[in-house]
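Each chain is listed here by its residues.
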Amino acid sequence: MGELVKKGWNRYLLELQLHPLRTKAVTAGVLAGISDSVAQKLSGFERLQLKRLLLKVLFGFAYGGPFGHFLHKLMDAIFKGKKDNKTVAKKVLLEQLTSSPWNNLLFMTYYGLVVEGRPWSQVKQRLKKGYPSVQLTAWTGDIPEP
């Protein structure tokens, strides 16, 4: 089994070099699907909500993978390809102050409007109420008490 995993991993790395955008989009879609499947199971759903799962896969494929790809290309250009620890820390800080808030806001909006099919007025109220704690959790890792 170990040899098969190694061969698969090497193939993945080759695809990442040859077709980075496509590979990252597919990877983000697959990971979104896996994470939603696990989340549904842990949340107690008796049956998999396929529409929800597919809409999250679509978000990962169409937005998550490409956004991450181009964000890191932009940061490499900004920081001129430097890879020292100080530069990595600056990249993490820049990503946390820009990309993290944007991604959380966009995902919450997409989830409310598209996945749940709520009207904009309800989504806007949910954003006002829930976005600050979502972003704080993203920054700190502390899950607030309900």
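What counts as what
Residues numbered from 1 in each chain as written. Predicted model: local features only at pLDDT ≥ 70, side-chain atom pairs only at ≥ 80, totals over all residues. Heavy atoms only, no water. UniProt positions renumbered as here; feature names shortened; annotations may be inferred. Helix = DSSP H or I, 4+ residues; strand = E, 2+ residues; numbered from the N terminus. Buried < 20%, exposed > 50% of the residue type's maximum accessible area, 1.4 Å probe, protein only. Salt bridge = Lys/Arg side-chain N within 4 Å of Asp/Glu carboxyl O. Axes fitted to C-alpha atoms, helices over the stretch in contact; angles between N-to-C directions. Parallel < 35°, antiparallel > 145°, perpendicular 65-115°, else oblique. Contact = heavy atoms within 4.5 Å. Nonpolar A, V, L, I, M, F, W, Y, C, P; charged D, E, K, R; others polar. Expected span 1.5 Å × (residues − 1). Polar contact = N/O pair within 3.5 Å; in protein donor to acceptor, adjacent residues only side chain to side chain. Core = buried A, V, L, I, M, F, W, Y, C linked by side-chain atoms within 4.5 Å. 1 Å grid on protein atoms, 1.4 Å probe; cavity = no way out; pocket = protein on both sides within 12 Å on 5 of 7 lines; lining within 4 Å. Points joined across faces, edges and corners; volume = space filled by probe spheres on them.

You'll find the chain entered in an unreviewed UniProt entry as Peroxisomal membrane protein PMP22, with Acorus calamus given as the organism. The UniProt entry for the chain carries the following comment under Sequence similarities (unreviewed entry): "Belongs to the peroxisomal membrane protein PXMP2/4 family." In its Subcellular location (unreviewed entry) section, the UniProt record describing the chain reads: "Membrane".

### Side note on the overall build of the chain
Of regular secondary structure, the chain possesses 6 helices and 0 strands. Ordered by position from N to C terminus, the α and β elements of the chain give α-α-α-α-α-α. With respect to the three principal axes, the spread of C-alpha positions in the chain is 45 × 40 × 25 Å. For the chain, buried positions account for 26% of its 146 residues.

### Quick notes on the pattern of salt bridges
Within this structure, the stated rule accounts for 7 salt bridges. Glu 15 is the partner of Arg 11 in a salt bridge, and the nearest nitrogen-oxygen pair spans 2.8 Å. You can see Arg 11 and its partner Glu 15 sitting in helix H1 (residues 2-18), 4 residues apart, about one turn around the helix. On the accessibility criterion, Glu 15 (17% relative accessible area) is buried. Ionic contacts of the salt-bridge type, sharing partners, join the residues Arg 11, Glu 15 and Arg 22 into one network.

### Here we look at the packing of H1 against helix H2 (residues 20-42)
Close contact between H1 and H2 brings their axes to 5 Å; oriented N to C, the two are set at 125°. Here H1 lies oblique to H2, going by the angle between them. Across from Tyr 12, Glu 15, Leu 16, Gln 17 and Leu 18 in H1, the residues of H2 making contact are Pro 20, Arg 22, Thr 23, Lys 24 and Thr 27. Here the contact of H1 with H2 is composed, by residue class, of 4 nonpolar, 3 polar and 3 charged.

### Examining helix H4 (residues 85-97)
Helix length check: H4, at 13 residues, gives a terminal C-alpha distance of 18 Å against a target of 18 Å (1.5 Å per residue), a fit within 8%. One side-chain oxygen at the N-terminal end of H4 lies 3.2 Å from the backbone nitrogen of Lys 86; it belongs to Asp 84.

### Focus: the nonpolar core
Leu 55, Phe 59, Tyr 63, Tyr 110, Tyr 111 and Val 115 form the largest nonpolar core, which has 6 residues in total. What Tyr 111 contacts, discounting residues up to four positions off in sequence, is Arg 52, Lys 56 and Glu 116.

### Quick notes on the side chain of Gln 40
By secondary structure assignment, the location of Gln 40 is in helix H2. A relative accessible area of 1% places Gln 40 in the buried class. In this structure Gln 40 touches Phe 45, Arg 47, Leu 48, Gln 49, Arg 52 and Leu 53, once residues within four positions along its chain are discounted.

### Some details on the layout of surface pockets
Quantified by volume, the largest pocket comes out at close to 380 Å³. Looking at the largest pocket, it is lined by 18 residues, and the ones nearest its centre are Phe 59, Gly 64, Asn 103, Asn 104 and Phe 107. Where the lining of the largest pocket is concerned, the elements lending two or more residues are H2, helix H3 (50-78) and helix H5 (99-115). When its residues are assigned to classes, the lining of the largest pocket shows 7 nonpolar, 8 polar and 3 charged.

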